[in-house]
Amino acid sequence: MDTSVQLSTKAWLVRGISMVPGELKLAEGRLCFTAFGHGQLWKWQLNNLERDTRQPGLARQMDAGESAVVFDYPLNVLEVDFPWYFFSVGLKVRANGIQYRFNLAGPVPVGEEAGQIVEAGQLGKTLRKALKK
């Protein structure tokens, strides 16, 4: 496992048909997702996310529009599927019995889409390579 790799990208956490914007960061042998507010999630979806992640207060923090770390895992506990769905820029991450699905191209304006897809593809490839070492 290569812990020297560092990369971050915009990412949208997918919960059902709703998404939450944030940053997916690979650094120092860890993968972290920080949500920027609550995105499209309803209150009950925020509560389910809080329950699933076992983080008391997460739903309140996100509902208030605050940035919140949804997870921060060492690479050695992750299972990753890439590409997954969303036109090959989707990513599934599993850790500690929890599955997270990400759209790495997101709902972005057409002019930015190509750059976001390239950035997302780089993160997926880099993460897969880091997990193999």
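The coordinates are above.
All residue numbers refer to positions counted from 1 along the written sequence of the respective chain. Totals for whole chains, interfaces and linings use all residues, but because this is a predicted model, local features are given only for residues with pLDDT of at least 70 and pairs of side-chain atoms are given and counted only at 80 or more. Excluded from the side-chain calculations are hydrogens and water; all other atoms, namely the structure's heavy atoms, are used.

Focus on the overall build of the protein
Runs of H or I in DSSP of at least four residues are treated as helices and runs of E of at least two as strands, each being numbered from the N terminus. From N to C terminus, the protein includes three helices and seven strands. Buried residues are those whose accessible area, probed at 1.4 Å on protein chains only, stays under 20% of the maximum for their type, while exposed residues exceed 50% and partly exposed ones sit between those limits. By residue count, 44% of the 133 residues in the protein fall in the buried class. In this description, accessible areas are obtained by the Shrake-Rupley approach with a 1.4 Å probe, and a residue is regarded as covered only by the protein chains that are shown. Accessible surface for the protein amounts to roughly 7,100 Å². Of this, 52% is attributable to carbon and sulfur atoms.

Overview of the sheet that holds strand β3 (residues 30-36)
Ordered in space as β4-β3-β2-β1-β7-β6-β5, the seven strands form an open sheet in which the pairing is antiparallel. The open sheet has two edge strands, β4 (67-74) and β5 (79-81), and neither has a second partner. Between one strand and the next, the sheet's axes are offset by a mean angle of 30°, whatever the strand orientation. Note on definitions: a residue-residue contact is assigned when non-hydrogen atoms from the two residues lie within 4.5 Å. Orientation is described by axes fitted as lines to C-alpha atoms, over the contacting stretch for helices, and by angles from 0 to 180 degrees between their N-to-C directions. Strands β1 (7-15), β2 (18-27), β4 and β7 (98-103) of the sheet are contacted by helix α1 (residues 43-53), whose axis makes an angle of about 115° with β1. Strand pairing follows a simple DSSP-based rule, namely that at least 2 bridges must link the two strands.

Comments concerning the pattern of salt bridges
Salt bridges are counted wherever a side-chain nitrogen of Lys or Arg sits within 4 Å of a carboxyl oxygen of Asp or Glu. Going through the model one piece at a time under the given rule, you end up with seven salt bridges. As a salt-bridge pair, K43 and D63 come within 3.2 Å of each other at their nearest N and O atoms. Here K43, found in helix α1, pairs with D63, found in helix α2 (residues 58-63); they are 20 residues apart in sequence, far enough to count as distant. On the basis of relative accessible area, D63 is assigned to the partly exposed category, the value being 36%. E66 is the partner of R60 in a salt bridge, and the nearest nitrogen-oxygen pair spans 4.0 Å. Taking the relative accessible area as the measure of exposure, E66 reaches 36% and is therefore partly exposed. One network of salt bridges, with partners in common, ties together R15, R51 and D52.

Observations concerning the environment of A130
As for its placement among the helices and strands, A130 is situated in helix α3 (residues 110-132). Overall, A130 belongs to the buried group, its relative accessible area being 1%. Note: C-alpha distance between A130 and N76 (54 residues apart in sequence) is 10.0 Å.

A few points about the pairing of strand β6 (residues 90-95)
Extensive coverage of β6 is indicated by the burial of five of its six residues. Sheet topology note: the β6/β7 ladder contains six bridges and is antiparallel. Among the inter-strand pairings, K92 is bridged to a residue of β7, identified as R101. Hairpin connection, β6 to β7: the antiparallel pair is bridged by two residues, and N96 has positive phi, about 50°.

Focus on the nonpolar core
Core analysis: the largest hydrophobic core is formed by 31 residues, its most contacted members being L24, F33, M62, V70, F71 and F102. The set of elements that each furnish at least two residues to this core consists of β1, β2, β3, α1, α2, β4, β6 and β7. Among the elements that line this core, the one with the most residues is β4, at four residues. Residues contacting M62, with those up to four places away along its chain left out, are V20, A35, G37, H38, L46, L49, A68 and V70. We define a nonpolar core as any set of buried Ala, Val, Leu, Ile, Met, Phe, Trp, Tyr and Cys residues linked to one another through side-chain atoms lying within 4.5 Å.

Any functional reading would require information that these geometric values do not contain.
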